Amino acid sequence: MSEARTIFIVIRKDLQKVLNWPLGSIVTQGCHASTSVIWKFRDDERVKEYTSDLENMHKVALETKNEASLLKMAENLKQRNIPFHLWIEQPENIPTCLATIPVMRSDLGDALKKCQLMR
């Protein structure tokens with residue numbers, strides 16, 4: 001079976017555990033980031049391929065410790081030239097999560113290695 005393009009969504013764990021955000025608000029952050037990355041990079045061939053088969057889209061929700069670790073993940077992706085969108089919740093101006101364009105897991109290298117599946 002071939003590897004599927006996947007959007008990787010990285011969400012701050014401290015939003016729920018420390019800042020006491022409701023689960024629905026946290027899920028919404030990931031929705032904002034994944035929608036934004038698709039729109040922002042809509043002309044990228046990887047996005048076109050991903051959105052051409054709506055019934056077989058893949059996403060992985062990952063968690064990272066806090067704002068500092070989220071920004072570190074963003075820097076890791078920049079260094080590897082992997083396009084992404086960092087969602088900043090307004091009006092609070094809080095970076096809450098990021099989403100990559102649809103990529104192969106193998107393309108990530110170790111960019112998100114410190115992230116775990118979101119629980």
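Coordinates for the structure precede this section.
Just so we're clear, the structure is a prediction, and the values are computed from it rather than from any experiment.

J.: What am I meant to see in the overall build of the chain here?
T.: Of regular secondary structure, the chain possesses five helices and five strands. Ordered by position from the N terminus, the helices and strands of the chain form the series β-α-α-α-β-α-β-β-α-β. At 14 Å, the chain has a C-alpha radius of gyration in line with the 14 Å of a compact globule built from 119 residues. Dimensions along the principal axes, computed over C-alpha positions, put the chain at roughly 40 × 25 × 25 Å. Relative to its 119 residues, the chain shows a buried fraction of 42%.

J.: Sorry, what's going on with the sheet that holds strand S1 (residues 7-12) here?
T.: The strands making up a sheet associate through hydrogen bonds between their backbones, and the pairing can be parallel or antiparallel. The five strands lie next to each other as S3-S4-S1-S2-S5, forming an open sheet whose pairing is mixed. Of all strands in the sheet, those bounded by a partner on one side alone are strand S3 (84-89) and strand S5 (116-117). Sitting on the sheet, helix H2 (residues 23-40) touches S1, strand S2 (59-64), S3 and strand S4 (94-100), and the angle it makes with S3 is about 135°. Packed on one face of the sheet, helix H4 (residues 67-79) meets S1, S2, S3 and S4 and runs near 35° to S4.

J.: I'm lost on the pairing of S4 in this one. Help?
T.: For a regular strand, side chains alternate in direction, first toward one face of the sheet and then toward the other. With respect to burial, S4 is a largely interior element, six of its seven residues being buried. As paired elements, S1 and S4 share three bridges and run antiparallel to each other. Residue pairing for S4: Val10 is matched across the bridge by Leu98. One ladder, built from six bridges, connects S3 with S4; its direction is antiparallel.

J.: It is not clear to me how the side chain of Gln29 should be interpreted in this structure. Could you clarify?
T.: Inspection of the secondary structure puts Gln29 in helix H2. Other than its neighbours up to four places away in sequence, Gln29 contacts Trp21, Trp87, Glu89, Thr96 and Cys97.

J.: Looking at this structure, how should I read the pattern of salt bridges?
T.: Note on pairing: side chains with opposite charge can pair once their charged atoms come close. Under the criterion given, the structure shown has eight salt bridges. The residue Arg46 makes a salt bridge to Asp44 at a minimum N-O spacing of 2.8 Å. Taking relative accessible area as the criterion, Arg46 reaches 27% and is therefore assigned partly exposed. As a salt-bridge pair, Arg80 and Asp110 come within 2.2 Å of each other at their nearest N and O atoms. In this pair, Arg80 is assigned in the loop between H4 and S3 and Asp110 in the loop between helix H5 (105-108) and S5, connecting sequence segments 30 residues apart. Owing to a relative accessible area of 31%, Arg80 belongs among the partly exposed residues under this scheme. A relative accessible area of 35% means that Asp110 is categorised as partly exposed. A network of salt bridges, in which partner residues are shared, links Arg12, Asp14 and Glu67.

The rules we used
Residues numbered from 1 in each chain as written. Predicted model: local features only at pLDDT ≥ 70, side-chain atom pairs only at ≥ 80, totals over all residues. Heavy atoms only, no water. Helix = DSSP H or I, 4+ residues; strand = E, 2+ residues; numbered from the N terminus. Rg over C-alpha atoms; globule rule 2.2 N^0.38 Å. Buried < 20%, exposed > 50% of the residue type's maximum accessible area, 1.4 Å probe, protein only. Pairing = 2+ DSSP bridges. Contact = heavy atoms within 4.5 Å. Axes fitted to C-alpha atoms, helices over the stretch in contact; angles between N-to-C directions. Salt bridge = Lys/Arg side-chain N within 4 Å of Asp/Glu carboxyl O.

All we've got here are geometric facts, nothing functional implied.
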